[in-house]
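Structure assessment
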Amino acid sequence: MEQQLGLVSIIMPAYNCEAYIGDALRSILAQTYLKWEVIIVDDCSQDSTSDVVRRYAEVDNRIKYYRLHENSGAAKARNKGIEMAVGQYIAFLDSDDVWSTYKLEKQINFMRENQYTFTCTSYDKIDENGVKLNREIIAKVSSDYDGLLKTCPGNSTVIYDAVKIGKFFIPNIRKRNDYVMWLSVIKRANMLYGLQETLASHRVRSGSISSKKIDLVSYHWKVYREIEKLSFFKSCFLVFYWVIFTVLKLR
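Below, the structure is looked at part by part. (Residues numbered from 1 in each chain as written. Predicted model: local features only at pLDDT ≥ 70, side-chain atom pairs only at ≥ 80, totals over all residues. Heavy atoms only, no water.)

Compared with the 18 Å implied by 1.5 Å per residue over 13 residues, the 18 Å span of helix α7 (residues 177-189) between its first and last C-alpha is a close match. Counting buried positions along α7 gives ten out of 13 residues, so the element sits mostly inside the fold. Within α7, the full set of buried residues consists of Asn177, Asp178, Tyr179, Val180, Met181, Trp182, Leu183, Val185, Ile186 and Ala189. Taken from the residues just after α7, Asn190 is the one with a positive phi, measuring 80°. (Helix = DSSP H or I, 4+ residues; strand = E, 2+ residues; numbered from the N terminus. Expected span 1.5 Å × (residues − 1). Buried < 20%, exposed > 50% of the residue type's maximum accessible area, 1.4 Å probe, protein only.)

Below, the structure written as structure tokens:
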């Protein structure tokens, strides 16, 4: 399927997010950049997520909803959304995160003006009620593959140009599947460029997959050793680096 130039396809996996997905969708509807579609892939939610989404879809046909046949995890949900996407640009927004009003406009202009194919932005963190936690993560100006091995961009800030570098799909691992995707993208894009403006907010939820960072250590090891095929010693160094600078919040 040919990609539509200028269109941003926003991929949003969803699972039991009735309390937050309305905020995410309203932040998309408020965008000053108007050429977008959002593809919500519901991983068999057991709450009223589908009802919330359908209410928004009824008033804006740029909102598309697809429900998986069985609960399959975020990786398969993301892959289904990417498969359905027809936009030149592939963007990601988690169902409990939100964007600033100018996020797409500023980031797409940043990409066009500099001919970048793979970008991210700075972001901050909010609590379950949307209150800012005074924690801001500033995007690096640029990162190559080795740099990305040390620092993962915020999932809800990333956009890549699918016309120039193609679409990317990810292996079916439960955690860090977004990180595996970025490592695949950068091998073709060569560099990830950061727009150093805070244009997204990541919601910190108790009980979410990413909330207990120390539990992710084994998944980082899996990414480095089994997926990226890095040496034992380099994998040890990278896991140690990640624990020190991310889990202990020294960066």
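So much for the structure itself; the text now carries on.
At a closest axis distance of 10 Å, the pairing of α7 and helix α8 (residues 217-227) adopts a crossing angle of 35°. Where α7 crosses over α8, the handedness of that crossing is right-handed. Of the residues in α8, those touching α7 at Tyr179, Val180 and Leu183 are His220, Val223, Tyr224 and Ile227. Considering only residue class, the contact of α7 with α8 consists of six nonpolar, one polar and no charged. (Axes fitted to C-alpha atoms, helices over the stretch in contact; angles between N-to-C directions. Left-handed = near helix turned anticlockwise from the far one by under 90°. Contact = heavy atoms within 4.5 Å. Nonpolar A, V, L, I, M, F, W, Y, C, P; charged D, E, K, R; others polar.)

Next up on the list: the pairing of strand β3 (residues 63-67). A regular strand places its side chains so that they alternate between the two faces of the sheet. In this sheet, β3 lies alongside strand β2 (residues 36-42) in parallel orientation, the contact comprising five bridges. Paired with Ile39 across the two strands is Lys64, which belongs to β3. (Pairing = 2+ DSSP bridges.)

All right, on to the pattern of salt bridges then. Evaluated as defined, the whole model comprises twelve salt bridges. Here Glu37 ties to Lys64 by a salt bridge, and the two come within 3.5 Å at their closest N and O atoms. Separated by 27 residues along the polypeptide, Glu37 in strand β2 and Lys64 in strand β3 bring together distant segments of the chain. The exposure class assigned to Glu37 is buried, which follows from its relative accessible area of 4%. Note that Asp146 and Lys234 form a salt bridge whose closest N and O atoms lie 3.4 Å from each other. One end of the pair, Asp146, is in helix α5 (residues 145-150); the other, Lys234, is in helix α9 (residues 232-247), with 88 residues separating them in the sequence. Residue classification places Lys234 among the partly exposed residues on the basis of a relative accessible area of 34%. Taken together, the salt bridges that share partners define one network made up of Asp23, Arg26 and Arg203. (Salt bridge = Lys/Arg side-chain N within 4 Å of Asp/Glu carboxyl O.)

Purely spatial values, then, with no claim about function.
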